[in-house]
Amino acid sequence: MSGNKEAPRILLCGDVNGHLHALYKRVLAVNKSNGPFDALLCVGQFFPRTPDGIGEMETYFTLAKPIPLPTYFIGDYGEGAAALLAPAKAKAAETGIPMDGVRICDNLLWLKGSGILNLKGLRVAYLSGKHSAELYQNAKAAAAAGAHHEDDQQGFQSLTVISTNEWPQGILAEADLSVVPEGIDRMTTGSTISAELAKELKPRYHFAGSEGVFYAREPYLNTGVTHTTRFIGLAAVGNDKKQKFLHALSPTPASAMLSSELAVRPPNTTISPYKMGTHKSSNNTTPSRPGLKRDLVHSTSITTTTESPANEGQYWRYDVNQGKRQRSDDGGNRVCFEFVKQGSCSRGETCKFKHDLGNGTPIPKGACFDFISKGRYNARPIRTPRPPPEACWFCLSSPSIDTHLVVSVGDHCYCAIAKGPLVDSHILILPIEHHPSTISLPADAESELQRYKDALQKCFKTQGKATVFFERYLQLRAGTHAHLQAVPVPLQKASSVRSAFVSAAKEVGFEFDIICPSDTDPQAGQALKEVVGGGANFFFVELPEGTILAHRLAPGEKLPMQFGREVMASVLGTPERGDWKACKLDIEEETSMADRFKEQFQSFDLMQSLV
């Protein structure tokens, strides 16, 4: 371990099948001899296989018996599951589904759907339920049957651990079959959905249950990253063959490791069992960071090597010569992308690609192509921005602005009631100066916009509401003025916003790039610029939990002008309010609405806090 972070200590177990007495007896013994552990994560079926096991579950759900360690489960199916989970499900419908688990009782949390659990800095992706081909595209029926829906597998990024109830199909490919437990079929065992997640997320560890046996696969390589993945299938609790059902893990978070430590490969490492094209993904582009795949596809200065035992994975490299793509045994004048991205290279001195600028000076971490190829940044001429049109509705200095809608004015941004609002507190956050989009704002305006976002979220939270932000940018010959829309949503509807936008995007004919919130990387704004920047038309929505769904429109691609509003109108149960022109109010009504909001917002207003 190269950082000072203390590695979290967690226990993982296979199918509980309602045998909580046996589970916690073993957990207490292990915690006493090898603990303390921070949490217990259960994969596979959590609830009983037969009705006679429901009583044992109830003793813990009602706290007649204490739960000794924070316990998280994803196998929300089995006998009695619907009845035992009903109170928690009803509460979640009112308050929303937290990503860190729906509380059942003290020390027992249900990881519902899909999400990212943060355990002392360790980010664990989870997918609850089981795969059913018949229910995969039916969200309501899937929820009732404890199965997962197609939207559950979206929105992840590369993480340390993923946990699924079912084994990934194909995991035995390239493995040593002599140690595979009996009854496990190489071709058919497992779920294709779990396989897709493992292939795309490239975790360091993958745990699953459901097969009733313990199996630890040899580590395998991943395409495009340097670390290996270890898959571990856990047996059922209290199984009669005495197979291992409890596994201890204390992985160092990647943020506290050197790249050379992450790249260590044990002697028995195999190539990936998930060969290109083996599993059909719901999204053919799986970037390792937002926007990277798009950059690679459209760049003429990047080459790639294909996966093979010889090169042990795929690496992207800048070609400084910008000439024809070449394939040769030496790196020539090409630059090692791993070194540029991470500041180090796992291959060290054996790497055939450039780590310096040609004069012994190491290439700076994250350097752009112009700096690498020319030793300097490309100084493009600064264009004088086109003066704003006099008739701009949103320029604060314009005679056309409806000043009675303005509810707060800062140094660089201001807030106003939306014209033809979706709901009473539908707010626009706008720059005072004329800028085309929020991603083009100067730093001081961008900072104040974020402060206004935070203030609105706090204000709406006191009203029992979550906040959804969205922006639609369209290049117009006459120019456009940036405006970020903020719509309060009742908490019971907040969890449906994401699926509504994902479904609407599919109907239009595109899929979102997904930027997940991160405790270790707060620069979501920069990631958004990488996805939608460059002057193209775009749309993005920031969900209540902080996840951003973004889409950069290709040249000639069309997107309904009221796309974001129409989706939100549907979420709110008022589809007839999808067009703002159908919701216009007279000046007296608008003024009254603005006055009401000013009163609600007074204690949160940035400017009031300075008085």
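Residues numbered from 1 in each chain as written. Predicted model: local features only at pLDDT ≥ 70, side-chain atom pairs only at ≥ 80, totals over all residues. Heavy atoms only, no water.

### Observations concerning the packing of aromatic side chains
- The tally for this structure, following the rule as stated, stands at 20 aromatic pairs.
- Between F460 and F597, the aromatic rings sit 6.3 Å apart at their centres with planes inclined by 50°, giving tilted as the arrangement. Taken as a pair, F460 in helix α10 (residues 443-461) and F597 in helix α15 (residues 587-601) lie far apart in primary sequence, 137 residues in all. This pair shows no difference in class: F460 is buried, exactly as F597 is.
- Counting every residue linked through ring pairs, the aromatic cluster contains F470, F501, F510, F512, F539 and F563.
- In this structure, R9 packs its charged tip against the face of F37, placed 4.6 Å from the ring centre.
- Between the NZ or CZ atom of K453 and the centre of the ring of F469, over which it lies, the distance is 5.1 Å. (Phe/Tyr/Trp six-rings, centres within 6.5 Å; stacked < 30°, edge-to-face > 60°. Helix = DSSP H or I, 4+ residues; strand = E, 2+ residues; numbered from the N terminus. Buried < 20%, exposed > 50% of the residue type's maximum accessible area, 1.4 Å probe, protein only. Lys NZ or Arg CZ within 6 Å of the ring centre and 35° of its normal.)

### Notes on the sheet that holds strand β3 (residues 71-73)
- Overall, mixed pairing links the six strands, which are arranged β4-β5-β3-β2-β1-β13 in an open sheet. The sheet terminates laterally at β4 (102-105) and β13 (246-249), the two strands that pair on one side only. For this sheet, the mean inter-axis angle between neighbouring strands, taken without regard to orientation, is 25°.
- Sheet topology places β3 next to strand β5 (residues 108-110); three bridges connect them, and they run parallel. Paired with Y72 across the strands is L109, a residue of β5. (Pairing = 2+ DSSP bridges. Axes fitted to C-alpha atoms, helices over the stretch in contact; angles between N-to-C directions.)

### A word on the environment of L422
- Topologically, L422 is positioned in the loop between β18 (413-417) and β19 (427-431).
- Overall, the relative accessible area of 4% leaves L422 in the buried class.
- Put simply, L422 and M568 are 146 residues apart on the chain and 8.3 Å apart in space, counted from C-alpha to C-alpha.

### Describing the packing of helix α1 (residues 20-34) against helix α2 (residues 54-61)
- Interaxial distance between α1 and α2 falls to 9 Å at its minimum, and their mutual angle equals 50°. Relative to α2, α1 is oriented oblique. Along its contact with α1, which presents L20, H21 and Y24, the element α2 presents E56, M57, T59 and Y60.
- Here the contact of α1 with α2 is composed, by residue class, of four nonpolar, two polar and one charged. (Parallel < 35°, antiparallel > 145°, perpendicular 65-115°, else oblique. Contact = heavy atoms within 4.5 Å. Nonpolar A, V, L, I, M, F, W, Y, C, P; charged D, E, K, R; others polar.)

### A closer look at unusual backbone geometry
- Omega for the bond connecting G35 with P36 falls within 30 degrees of zero, at 5°, which places this linkage in the cis form.
- Counting through the fold element by element, P36 comes out in the loop between α1 and β2 (39-42).
- Positive phi values are uncommon outside glycine, yet N107 reaches one of about 70°.
- Positionally, N107 belongs in the loop between β4 and β5.
- The class for N107 is partly exposed, based on a relative accessible area of 29%.

### Notes on the pairing of strand β8 (residues 161-164)
- Of the two faces of β8, the one carrying V161 and S163 and the one carrying I162 and T164 are both buried.
- Direction of pairing for strand β7 (residues 122-127) relative to β8: parallel, over a ladder of four bridges. Considered in β8, the bridge of Y126 is made with S163.
- When β8 meets strand β9 (residues 205-208), the two strands line up parallel, connected through four bridges. Across the sheet, T164 pairs through a bridge with A208, a residue of β9.
- Running through helix α5 (residues 192-201), the crossover from β8 to the neighbouring parallel element β9 is right-handed. (Right-handed = clockwise from strand over helix to strand, strands pointing away.)

### Quick word on helix α3 (residues 81-95)
- The first and last C-alpha atoms of α3 sit 21 Å apart over 15 residues, in line with the 21 Å expected at 1.5 Å per residue.
- The largest bend in α3 amounts to roughly 40° and is located at P87.
- For α3, the full list of buried residues reads A81, L84, L85, A88 and A92.
- Contacts made by the buried residues of α3 are with α2, β3, β4 and β5. (Expected span 1.5 Å × (residues − 1). Bend = angle between axes of the 7 residues up to and from the residue.)

### A short note on the packing of α10 against α15
- Two elements in contact, α10 and α15, have axes whose closest approach is 10 Å; the angle formed by their N-to-C orientations is 90°. Here α15 runs roughly perpendicular to α10, going by the angle between their axes. Only F597, Q600 and F601 of α15 make contact with α10, whose side of the interface consists of Y452, A455, L456, C459 and F460.
- When its residues are assigned to classes, the contact of α10 with α15 shows seven nonpolar, one polar and no charged.

### Overview of α5
- Counting buried residues along α5, seven of its 10 residues qualify, which places the element largely inside the surrounding structure.
- For α5, the set of buried residues is I193, S194, A195, E196, L197, A198 and L201.
- Residues of α5 that are buried sit in contact with β7, β8, β9 and β11 (220-221).
- Its side-chain oxygen at 3.1 Å from the backbone nitrogen of I193, S191 defines the N-terminal cap of α5. (Polar contact = N/O pair within 3.5 Å; in protein donor to acceptor, adjacent residues only side chain to side chain.)

### Regarding the confidence of the model for the protein
- Overall, the predicted model of the protein reaches an average pLDDT of 78, with 74% of residues at or above 70.
- Counting interchain partners and residues more than four positions distant, the pLDDT-below-50 stretch residues 147-158 has 59 contacts.
- Long-range and interchain partners of residues 276-331, a stretch whose pLDDT sits below 50, account for 112 contacts in this model, where long-range means more than four residues apart. (pLDDT = per-residue confidence, 0-100.)

### What to know about the side chain of E542
- Structurally, E542 is set in strand β23 (residues 538-542).
- Its relative accessible area of 12% is what places E542 among the buried residues.
- At 2.6 Å, the side chain of E542 and the side chain of K453 are in polar contact.
- Setting aside residues no more than four positions away along its own chain, E542 makes contact with K453, T467, V468, F469, T547 and I548.

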